[in-house]
Amino acid sequence: MAGEKKGSAFEALVYLALEKIGYSLDKDLYWGKKPNGVSIDADFVIGTLEAPSHLLMLTSTGQASNYNMKVWRNVGEIFEIKKAFTPPPGVYNLVFEATQKESLQDIMEAISDGNLLVQSEKYGQVLVNLVENNLSLFPASNERKSNLLKELLDNDDLARIAFSTFCIHLNNTINKQNFLLNDLWALAKCYKNKSSSRLAKITFFRRGILKLAILPQEDRNQIYKHKELGLKINSMPDYAITLGFATKSVFGYKIIDKEINNTLDLLTKEVIEYTIKNSPFDRMQRWIKPICNINDVEVQVKFVLDHFQHLKTVKGMYECLTSQYIDPYFKVNKDKVRGDWEIVWIFYFVFDIIKTHKKKKQGFGLSELSKKAQKYLNTNSYPANHTIWRINLPSFVNRVTSAKDLPFEILWATSGVLSELLDEVGYNALSQLGKSLEETVISSNLEQKLMSYRSFHPLKVVVEKKLKESSLPFINIPAHPSLLTEINGQNQNASTTPLIKVGKVAIHWKSAFDQGKTHKVKELIGRVQSLRFEFSGNEFKIRSDIERFVLILDGTFTQSQINTLIRSGWDEIYYLDELDSLIELLKNQS
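Keep in mind that what you see is a predicted model, and the values were worked out from it rather than measured.

Visitor: Residues and numbers for helix α12 (residues 269–277), please.
Guide: Residues three or four positions apart in an α-helix share a direction because the helix packs 3.6 residues into each turn. Within α12, the full set of buried residues consists of Val-271, Ile-272, Glu-273, Thr-275 and Ile-276. Buried residues belonging to α12 abut α8 (205–214), α9 (217–229), α11 (258–266) and α23 (458–469).

As structure tokens, this is what we get:
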């Protein structure tokens, strides 16, 4: 991915700077190696791997949500490294390119020993441009990347001056130390979690409940009756077969998706339906609909091919967008349609076409569109970060009535970008995308949007239901302050954690699967450490209003990761089929 390639190029830039400062690779400088006894794969370690003196963390992400997650992972890594070595090594945060809230940057500045916002400096912009303009040239190996950068710097006077300034700033940064937190690291090092480990399980509740919610109610009812009574499943929507949820035989339909079956084994029909009813699936329809219409991709491709010459012009695309707002079946043979088209489908369909063509999971989105659209505007009223691109334009695409008055300039600029993208792919390439386009539509909507929808908290819904049934009083705290909040002296949502409190027991929840579980473990370490300790009365101490931290897990966490979470400060870990034991614990403590 381009983001990863750019990040590794920035690493090469830091390596050259550290080399110029006076450090030598594999002598007192280590690139991408893990210090002994910790789980951290540091970007750079200075000193030795047995006793590091400095750790450098690099950030380069164009998405604000990604930076938010990375901050929590960084906090977890800082606590781990500070507790592991005596004396604690300095930890330094280098930001090359990140869309971030100021409050998130305040967190990193407060918790690290030094913080360098390369992107905010004039020399930083020169260096970022140098990398971006030559990104396609960067090879895979660290040594060859470094050699290429040396050559680029030698041939660019402005970049060479910027690099020299960067070296000075970097040297100043890594010579800083945040003495204000020494007492915190000493306290954290002394604290030992007395809880014993537990066996890891594999569950797929978040994924399974989402897939069940995509199916119609009457078909879910058949699934429950088959599970409880062995009754035959007589019907399933066509898309359930295409998505691999079910298969058909002479004996009826059979659910073959392991994630759906795991959820059916975990919970009763009553709990599953309660969770679906109390989850925001109404707000998730914009991504559910394309999945339900997956068997119409062939029809949609035919429409684009039939009208390709018209759609690759700004005027043609504009006419299509406005016509589909009135009627999504505009110039489509409805007899061939198997699903229910309710949106201006050409909009996101072009996104999926470009992703498939470029073979990138995250090849294009609203942020990229708003940037490209600027050249089609004759006004400065709608810059790339304007809410009209993130809120008003999607409302138009979803055919919200109030969106009919979307400014002409926005629709015309959007049409310009979409037609340009379509022309970039070309008629012949589009006609050959075939099955891979279906896979992109599924991946874009199911995996990248629905599975990661931030307001979807099915674990929380089930836990709250169980607490209500047990008549245990609890408080739902969407944003509980943490040590990071207290250090900064203000209630910043960026440094808070959603909790359910029952007396002095705090409950948090997390789902993570194969691709994201390593990052989630680091995030959970950061959250519990920042909750375990507090800054009160001008001193660091163990938090007084919470005595036990409980974590409800769902996913494919390994035994090693479970052990790490318990060592980091989570007192109890439960899975959904163990909530009776949690209730017993809560009743005993009260």
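Okay, back to it.
Visitor: Run through the pattern of salt bridges, naming residues and quoting values.
Guide: As a working rule, side chains carrying opposite charge can pair if their charged atoms are close by. Inspection of the entire model under this criterion finds 39 salt bridges. Among the ionic pairs, Lys-33 bridges to Asp-26, the shortest N-O distance being 3.3 Å. Glu-447 is the partner of Arg-207 in a salt bridge, and the nearest nitrogen-oxygen pair spans 2.8 Å. On the criterion of sequence distance, the pair formed by Arg-207 in helix α8 and Glu-447 in helix α22 (residues 435–450) is long-range, its members being 240 residues apart. Counted as one network, the salt bridges with shared partners bring together Arg-207, Lys-211, Asp-257, Glu-259 and Glu-447.

Visitor: Before we move on, can you summarise the sheet that holds strand β10 (residues 505–512) with the specific residues and values?
Guide: Read across the open sheet, the five strands follow the order β8-β9-β10-β13-β14; overall the sheet is mixed. If you trace the sheet from one side to the other, it starts and ends with β8 (475–480) and β14 (572–574), each paired once. The average angle at which neighbouring strand axes cross in this sheet is 30°, direction not considered. Most of the contacts of α23 go to strand β9 (residues 497–502), to which it runs at about 10°, and overall it touches β8, β9, β10 and β13 (548–555).

Visitor: Please set out the layout of surface pockets residue by residue, giving values where relevant.
Guide: Where empty space is left can be seen by rolling a probe of water-molecule size over the atoms. Taken as a whole, the second largest pocket holds about 450 Å³ of empty space. Together, 17 residues line the second largest pocket, and Glu-80, Lys-83, Thr-564, Arg-567 and Ser-568 are the ones closest to its centre. Among the elements that line the lining of the second largest pocket, the one with the most residues is helix α2 (residues 64–84), at four residues. Residue composition of the lining of the second largest pocket, by class: six nonpolar, six polar and five charged.

Visitor: Account for the nonpolar core, with residues named and values stated.
Guide: Core analysis: the largest hydrophobic core is formed by 107 residues, its most contacted members being Val-304, Trp-389 and Ile-552. Looking at this core, the element that brings in the most residues is helix α17 (residues 345–358), giving nine residues.

Visitor: Account for unusual backbone geometry, naming residues and giving values.
Guide: The residue after Thr-86, namely Pro-87, is reached through a cis peptide bond having omega -5°. Take Pro-87: it is sitting in the loop between α2 and β4 (90–98). You will see that Asp-26, though not glycine, has its phi angle at about 65°, which is positive. Along the chain, Asp-26 turns up in the loop between α1 (2–21) and β1 (29–31). Residue Asn-538 is not a glycine yet carries a positive backbone phi of 65°.

Rules and cut-offs
- Residues numbered from 1 in each chain as written.
- Predicted model: local features only at pLDDT ≥ 70, side-chain atom pairs only at ≥ 80, totals over all residues.
- Heavy atoms only, no water.
- Buried < 20%, exposed > 50% of the residue type's maximum accessible area, 1.4 Å probe, protein only.
- Helix = DSSP H or I, 4+ residues; strand = E, 2+ residues; numbered from the N terminus.
- Contact = heavy atoms within 4.5 Å.
- Salt bridge = Lys/Arg side-chain N within 4 Å of Asp/Glu carboxyl O.
- Pairing = 2+ DSSP bridges.
- Axes fitted to C-alpha atoms, helices over the stretch in contact; angles between N-to-C directions.
- 1 Å grid on protein atoms, 1.4 Å probe; cavity = no way out; pocket = protein on both sides within 12 Å on 5 of 7 lines; lining within 4 Å.
- Points joined across faces, edges and corners; volume = space filled by probe spheres on them.
- Nonpolar A, V, L, I, M, F, W, Y, C, P; charged D, E, K, R; others polar.
- Core = buried A, V, L, I, M, F, W, Y, C linked by side-chain atoms within 4.5 Å.

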